Amino acid sequence: MIHVSEPLLATPKLRVSLFAVLLFLLVSLGDARQHRTRRVSSPMEETVETYDKYYNYVDLTRRLQSLAQEYPHIANLSSIGQSVEGRELWVMRITKEPNTDTPGKPRFKYVGNMHGDETVSRQVLVYLVNYLLAKYGEEPRITELVNTTDIYILPSMNPDGFEKSEEGECNGNTAARNNAKDNDLNRSFPDQYDDTTVDPDDIPEVMALIKWIQEKKFVLSANLHGGTVVASYPFDDSPSHPVRGYYSQAADDRLFRYLSLEYSQHHPLMKTGQPNCANALEETFKDGITNGAEWYDVPGGMQDYNYLHGNCMEITIELSCCKHPPAVELHKEWDLNRESLLAYIEKVHIGVRGYVKEAISGAALTNVSILVAGIRHNLTTGQYGDYYRLLVPGTYNITAMAQGYTPMMVHNVQVIEGKPTELNFTLTPVVSKTLGSITVPTTSMPSTSHPATIPSDSTRVVPSEGNKSSAPPEHQPTQPQQFRHHNYADMELFLRKYSSEFPSITHLSSIGRSVEDRELYVMVISDNPTVHEHGEPEFKYVGNMHGNEVVGRELLLNLIEYLCRNYGTDTEVTTLVNNTRIHIMPSMNPDGYEAALEGDVKGYKGRANANSIDLNRNFPDQFTTIKDARQPETIAVMTWLKSNPFVLSANLHGGSLVVNYPYDDDKDGISQYSRSPDDKVFQQLSRAYSQENPLMHNGHPCDDLYPGEYFEDGITNGADWYNVPGGMQDWNYLNTNCFEVTIELGCVKYPMAEELPKYWQQNRRALLQFIHQVHTGIKGTVSDIQDGTGIPNATISVAGIDHTITTAHTGDYWRLLVPGTYSVIASAHGYTPVTTYATVSKHSVEVVDFRLTRVQSDPNSQSPKGNQRIQNPSEKELQSLIKDLSLGQGLEQLVKSTATENNFHYRHYKELSASLRGLTLNFPKITSLKSLGQSVEFRTIWALEISNKPGQAEPSEPKVRFVAGIHGNAPVGTELLLEFATFLCINYGKNPAITRLINETRIVIVPSINPDGREQATEKQCTSTQGLTNAHGKDLDTDFFGNASQRVVEAQPETSAMMDLILDGGYTLSVALDGGSLVATYPYDKPVQSVENEGTLKYLASVYANNHPKMHLGDTGCSNNGQMGNIPDGVMRAAERQSHMGSMKDFSMDFGHCPEITVYSGCCLFPPTEQLATLWAENKKSLLSMLVEVHKGVKGMVRDKSGKPIVGAIIVLNGGVRVFTVEGGYFHALLFPGNHNIEAVADGYQQQRQEVVVSSYEAASAIIIEFDLDNSIFGLPREFVVASAAASMTALVVTACIIWCVCAAKSNRQKDGFHRLRQHRDEYDDEIRLTSMGSKKSLLANEFQDESESDEDTLYANKI
């Protein structure tokens, strides 16, 4: 062939022709191939994104269909419904195997174009679909995301509106914004705070979304909008619907902020928080996020619906300032949002995830509630028993709970950043003991070993509404099975049994003991029963206060059983237990019960306690002095009430059938209506109970026993019925935050056991309904606007109601109110009060949070710029410690964590001395022992210093003095201080808080001022005066006189030793321990009309009393020495207790410039040894509180401009009390919480004034006061005085010059006259004689005038 072809190719024409033919064939073939390729690849070519045009509905449909066809292995396109005008609501599902449901993949969704004229989201989501599909298999990040996540993307929720929108309309178009029925789709979802509804036929888009959300159980979502650049999170509206400015906080607020920040911080513009939108240039968003309602109120929003009804966390993201920008902007918008869109999807893989299965069959359990302690928002498991609980990093207690199963709680679940924690639950069916069988609910799924047999769309099957026969029967709660009277032993076993059987929701404890030493048990029932959870109200029932009124006791045991047995299976019970901390005390008077007799109708046997005291006449009263000694049961309950922030309570009695509300007595002591400030609230609470008990509500309770008795609606005012002074319900209302009513449960006090089921049936609903009332009114948190810390003891006032309540330790509060609109004020020491309005509805609670601003120092105060606050890292650590110990349970936890072994006994002088020396030998680095002097009988008065540098002056640290034993017959204080010193030393270096307190404080302990008297005293003598005085018979607390004029005889040696210690100076606080009463007193002991700084002195005493379990109750309870009555808060001015001159505390105040409080630790002066352990337990926390308190107030340094410290400068507090700066220019003064004025005065310097704010829970911040030299002379400015003096001197010189000139002129004229006189002597002789007769001086001058005289002599002579 080659041979033949060569000649042919050699011909030029032939070669050309052949080339032409070949070229034609090649072109033709290529063209044909090209056409065939175009026909086959047309879908692929359409997937090439240009980012320069908007897709209308037809384009969008074609685009999505094309992508789904190209990537069928990871994409599935479907419609979830249609718009008003019949357009499909397209959803692209992107995941591996998109046509089946696979367990273990959380569902995520993006929704765009909800408002038709906000178009960027529509395009960006199409770009995202394209990006995920195209990059799958190429980029590991995208591949993993698609493989592990079930992603749903709905580019346009409002396709009808989009068709009406016009490109370039930045401010939007209302017609395009809404759907074709002119409804705003983001105002049309069911709302928690708004009952407004929209006809479902007018919002098919919303109805389609609702159905989709309910079916899919999405985990995370975002709704994309336009109009600014920000991420907005729930809630979108609030109960009162203010237009803007109200932060409506969801239970998952921290999580929502975290999620919102994830989007904003990956968006270059959004993270700046400054969108700079043309129509709102001033609008900014910190970190690019905002709470929805705080921005503006949006009722009926989709994001809130997702959160509240869809298992799904959703935020709303505004993508661009211009709602419908020109298409050329689209590429830029995609670039801005691409990373944020991907990073946000990845957050579906955080928190906790896992499966819940049934213990016996292993089947998956659906609709199991997943509860996280402290977060009031529950999720439920999906069709495979899977759940996904998004949480920010932290430690959580998580519970799985389902109807018919025993709940399972897992404690201390660790959640870390970036990956989910796996946590699976296995639930055990509840065993029915009466049937001896196990009931497995029908909600359990088949075994997960066959997941593929479940169709992917099985969750879409909705039973017909008409097919009611297929619906399961309505759930009936489990009722108590046994009814009997429980004596003390039986009751104790019952409580222990339920506490053991239901440990996740119960906590059994005793709050004290009765007279006959029976425990006063309290069962707490809650999802986290051992602690107060922020935001959760505390409720209590108290029964059997009168021992023979037993129905309440039995009903409360029934209630415990009912709540425990139905938790997790009954919705009402579960909700109550999860959202309320319920305290139940079945018997307040167990001794009386044991004495009572079954069948007692209206008797009194067993009514009182074992001391024959009626406990409901034993509480401090506002109108009457209660003379009976306060009983141990009463004291225990008062302490219990003061220790918990109770909101609502009922005291269950018997003998009638009525709810009785405050007040129980009146000032006149007669039966008449005694109205409390919250009378309407009490009536509402009382009716809530009586309306659920038809017999009670009827109002004619006991016709056979009391035929004339009638109570309208089954309620009555206590005093209007009959007077009850000393009642418990009034004390609750007046002394705590708690509203209490008294409920009389039946006409017969001690009915027969067979009648008990009837009482349960009559009262079950009422008991539950009354608990529900704790969730009415208003509640919220009062916090510091600067750092968000809750403010304890802030006051909540309601205009027009003369009754305030205070916040709990973490700043949360609850205030019961009847429906209406109120002006509510929150105030706290050191903060500017805030007032807001709240509208209260009948069946729900209104959340009203307050953020208070600290009061700043007076900007107009006369303090130089140099007066500044200083804070180094060490001080910040101390500040944090003081705050931790002052808030919440901080100090209580410190007490519990520092228990020490001890063997209490009384020590005589020699053993006391040995104990002190032992401390210095064992702890030489932190202790120093010195002798202050000797007693009359030459016993040493010891002072022990505990500090990190004992014996060294540290003027910058506060110095606190603890003293005891001034009266030798009251040695309890001595033993308490010895134990306190041992406690501090042992825990130094072991406990960080104790170590820090010792390092930052100089502690001086004087355990025995009067050792001679102590040697004379005798144990178990509660009232004996033996040992009261020193060896000279002198009461040392009457021997402290600072002025010689006041002293009649020389000071006792013990007194002199203490006065020297006090005058040594530098003390910030002193605490003296004594005995014979139960009260804390403050200066003065001497009778004075008024006390400077009384607020601070009283406050310091109250700090001690409030940390004492009994003292703060205000009951002296000392019948052995005649000291009876109620002392408000356990604090009083010393002179009111026993006025006398020459006391140690008065001397400390007047001459030591140190406040001193005296604490009387108990009624018995010298109690038995076995009581010392109890007394130590009672006082330990109070003593520690003084070490904390000494670091508060105001402290600082005074120096001049050169930095030189000024010693001896006077610091005047509020124009009265004075303290002095010590070495280094340091000062420290304690002040009660609030605003205070301080003045600094020093010789030769200008006076300085400053306003400071003192907090009840923060350490004093150090301030520096810099003095300028005093420029004043005679009270006038130095410059003015100098200028005036200079002017005066100048005037003096000028005046002298003028006088000299005048005199000189006169002298010249006289010289001329004398010359003429000599020339014409004869002519003027006669004239001179006549003239000189008028003046002898003139005569002499003329008589002896001589020409030899000088001019100066002549002038002198003329002057004479």
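Numbering of residues begins from 1 in every chain and follows the order in which that chain's sequence is written. Per-residue local features are limited, in this predicted model, to residues with pLDDT of at least 70; the limit for side-chain atom pairs, both in listing and counting, is 80 or more; totals at the level of whole chains, interfaces and linings are taken over all residues. Note: side-chain values were computed over all heavy atoms of the structure, leaving out hydrogens and water.

## Things to note about the overall build of the protein
The secondary structure listing takes helices from DSSP runs of H or I that are at least 4 residues long and strands from runs of E that are at least 2 residues long, numbered from the N terminus. Counting its secondary structure elements, the protein contains 37 helices and 56 strands. Here the protein, with 1360 residues, has 54% of them falling under the buried criterion. Should any heavy atoms of two residues lie within 4.5 Å, those residues are counted as being in contact. For the protein, long-range pairs separated by at least 24 residues make up 75% of all intrachain contacts whose partners lie at least 6 apart in sequence. Per-residue and other accessible areas follow the Shrake-Rupley method at a 1.4 Å probe size, with only the shown protein chains counted as cover for residues. Split by element, the accessible area of the protein, about 59000 Å² in all, is 52% carbon and sulfur. Each residue gets one of three labels from its accessible area relative to the maximum for its type: buried under 20%, exposed over 50%, partly exposed in between, using a 1.4 Å probe on protein chains only.

## Here we look at the state of the cysteines
The disulfide criterion used throughout: a pair of cysteine sulfur atoms within 2.5 Å. Overall, the coordinates contain four disulfides when judged by the stated rule. Sulfur-sulfur distance for the disulfide between Cys170 and Cys322 comes to 2.0 Å. Residues Cys170 and Cys322 are joined through a disulfide that is left-handed, its torsion about the S-S bond being -90°. Linking Cys170 in the loop between α6 (159-164) and α7 (174-177) with Cys322 in the loop between β8 (313-318) and α12 (330-346), this pair joins segments that are 152 residues apart in sequence. The side chain of Cys1022 participates in a disulfide bridge whose partner is Cys1164; the two sulfur atoms lie 2.0 Å from each other. Torsion about the S-S bond of the Cys1022 and Cys1164 cystine: about -90°, corresponding to left-handed handedness. Placement of the pair is Cys1022 in the loop between α28 (1011-1016) and α29 (1053-1063) and Cys1164 in the loop between β47 (1156-1162) and α33 (1172-1189), with a sequence separation of 142 residues.

## Quick look at the confidence of the model for the protein
Of the residues in the protein, 85% reach a pLDDT of 70 or more, and the chain-wide mean stands at 85. Segment residues 1326-1360 is flagged for pLDDT under 50; beyond a separation of four residues in sequence, or across chains, it makes 19 contacts in the model. Across the chain, each position has a pLDDT score giving the predictor's confidence in that residue, from 0 to 100.

## Observations concerning a nonpolar patch on the surface
Together, Val1294, Ile1298 and Val1302 make up a nonpolar patch on the protein surface, roughly 250 Å² of accessible area in all. One can find Val1294 in helix α34 (residues 1278-1319). On the basis of relative accessibility, which here comes to 44%, the residue Val1294 falls in the partly exposed class. Each patch is built from salt-bridge-free residues with over 30% relative accessible area, joining like charges within 9 Å and nonpolar side chains (Val, Leu, Ile, Met, Phe, Trp, Tyr) within 5 Å. Salt-bridge detection follows one rule: a side-chain nitrogen of Lys or Arg within 4 Å of a carboxyl oxygen of Asp or Glu.

## Brief notes about empty space enclosed by the protein
A cavity here means a set of 1 Å grid points, computed over protein atoms only, where a 1.4 Å probe fits but cannot escape. A pocket is an open set with protein on both sides within 12 Å along at least 5 of 7 lines, and lining residues have an atom within 4 Å of a point. Grid points are joined across faces, edges and corners, and a volume is the space filled by probe spheres set on the points. Under the counting rule described, the total for this entry stands at five cavities of 30 Å³ or more. If you add up the space inside the largest cavity, you get close to 50 Å³. Lining the largest cavity are Pro645, Phe646, Val647, Asn737, Ile805, Thr806, Thr807, Ala808, Asp812, Tyr813 and Trp814. Contributions of two or more residues to the lining of the largest cavity are made by β26 (646-653), β32 (801-806) and β33 (812-815). Broken down by element, the lining of the largest cavity gets its largest block of residues, three residues, from β33. Within the lining of the largest cavity, the residues separate by chemical class into seven nonpolar, three polar and one charged. Think of it as three bins: nonpolar holds Ala, Val, Leu, Ile, Met, Phe, Trp, Tyr, Cys and Pro, charged holds Asp, Glu, Lys and Arg, and polar takes everything else, Gly as well.

## Examining the packing of helix α24 (residues 890-897) against α33
Contact geometry of α24 with α33 gives a least axis separation of 10 Å together with a crossing angle of 120°. Relative to α33, the element α24 is oriented oblique. Of the two possible hands of crossing, α24 and α33 adopt the one that is right-handed. Residues Leu891, Glu892, Leu894 and Val895 of α24 form the contact with α33, whose participating residues are Lys1180, Lys1181, Leu1184, Ser1185 and Val1188. The residue makeup of the contact of α24 with α33, split by class, is five nonpolar, one polar and three charged. Throughout, an axis means a line fitted to C-alpha atoms (over the contacting stretch in the case of helices), and angles, computed between N-to-C directions, take values from 0 to 180 degrees. Throughout this description, any angle smaller than 35 degrees is read as roughly parallel, any larger than 145 degrees as roughly antiparallel, any in the 65 to 115 degree range as roughly perpendicular, and the remainder as oblique. By convention the crossing between two helices is left-handed if the near helix lies anticlockwise of the far one by an angle smaller than a right angle, and right-handed if it lies clockwise.

## A word on the nonpolar core
For our purposes a nonpolar core is just a set of buried Ala, Val, Leu, Ile, Met, Phe, Trp, Tyr and Cys residues, chained together by side-chain atoms within 4.5 Å. Counting 88 residues, the largest nonpolar core has Met92, Ile94, Tyr110, Leu128, Tyr344, Val356 and Ile398 as the members making the most contacts within it. Looking at which element gives the most residues to this core, the answer is helix α4 (residues 120-135), with 10 residues. Apart from residues lying up to four places away in sequence, Leu128 is in contact with Tyr110, Ile153, Trp334, Leu341, Leu342 and Ile345. Val573, Leu652, Phe739 and Ala794 belong to the second-largest nonpolar core, a separate cluster that totals 82 residues.

## Re the side chain of His1236
If you trace the backbone, His1236 turns up in strand β52 (residues 1234-1241). A polar contact of 2.6 Å, which involves the side chain of His1236, links it to the backbone oxygen of Phe1232. Not counting the four nearest positions on each side in its chain, His1236 is found in contact with Asn1214, Leu1231, Gln1250, Glu1251, Val1252 and Val1254. Distance and chemistry together define a polar contact, namely a pair of N or O atoms within 3.5 Å, with one atom able to donate a hydrogen and the other to accept it when in protein, and with adjacent residues in sequence counting only for side-chain atoms on both sides.

## Structural notes on the packing of helix α14 (residues 551-566) against helix α22 (residues 756-772)
The geometry of α14 relative to α22 is characterised by a closest axis approach of 10 Å and an angle of 65° between their N-to-C directions. Both α14 and α22 take part in a crossing whose hand is right-handed. Across the interface between the two elements, Val551, Glu554, Leu555, Asn558, Leu559, Tyr562 and Leu563 of α14 pack against Leu756, Tyr759, Trp760, Asn763, Arg764, Leu767 and Leu768 of α22. Looking at the contact of α14 with α22 residue by residue, the class counts come to 10 nonpolar, two polar and two charged.

## Looking at helix α27 (residues 992-999)
Counted residue by residue, α27 has six buried out of eight residues, so it is predominantly covered. Turning to α27, its buried residues are Ala993, Ile994, Thr995, Arg996, Leu997 and Ile998. Taking the backbone nitrogen of Ala993 as reference, a side-chain oxygen 3.0 Å away marks Asn991 as the first, capping residue of α27.

## Brief notes about the sheet that holds strand β14 (residues 394-401)
Each strand in a sheet pairs with another by means of backbone hydrogen bonds, the pair being arranged parallel or else antiparallel. Read from one edge of the open sheet, four strands run β12-β11-β14-β16, paired in antiparallel fashion. Edge positions in the open sheet fall to β12 (375-380) and β16 (408-415), since each of these has one partner strand only. Put simply, the sheet's adjacent strands are angled 25° from each other on average, direction ignored. Bridge count for β14 against β16 is six bridges, and the pairing is antiparallel. Residue pairing in the sheet places Thr395 in a bridge with Gln414 of β16. The strands that helix α15 (residues 571-579) touches are β11 (369-372), β12 and β14; relative to β12, the one it contacts most, it runs at about 140°. Following DSSP output, two strands are said to pair if at least two bridges run between them.

## A short note on the sheet that holds β8
If you walk across this open sheet you meet the eight strands as β1-β2-β4-β3-β5-β8-β6-β7, and the pairing is mixed. The open sheet terminates on both sides in strands that have one partner only, identified here as β1 (75-82) and β7 (289-291). Within this sheet the neighbouring strands show an average axis-to-axis angle of 20°, counted without direction. Bridging between strand β6 (residues 230-233) and β8 involves three bridges; their strand directions are antiparallel. Note that in β8 the partner of Ser232 across the bridge is Thr316.

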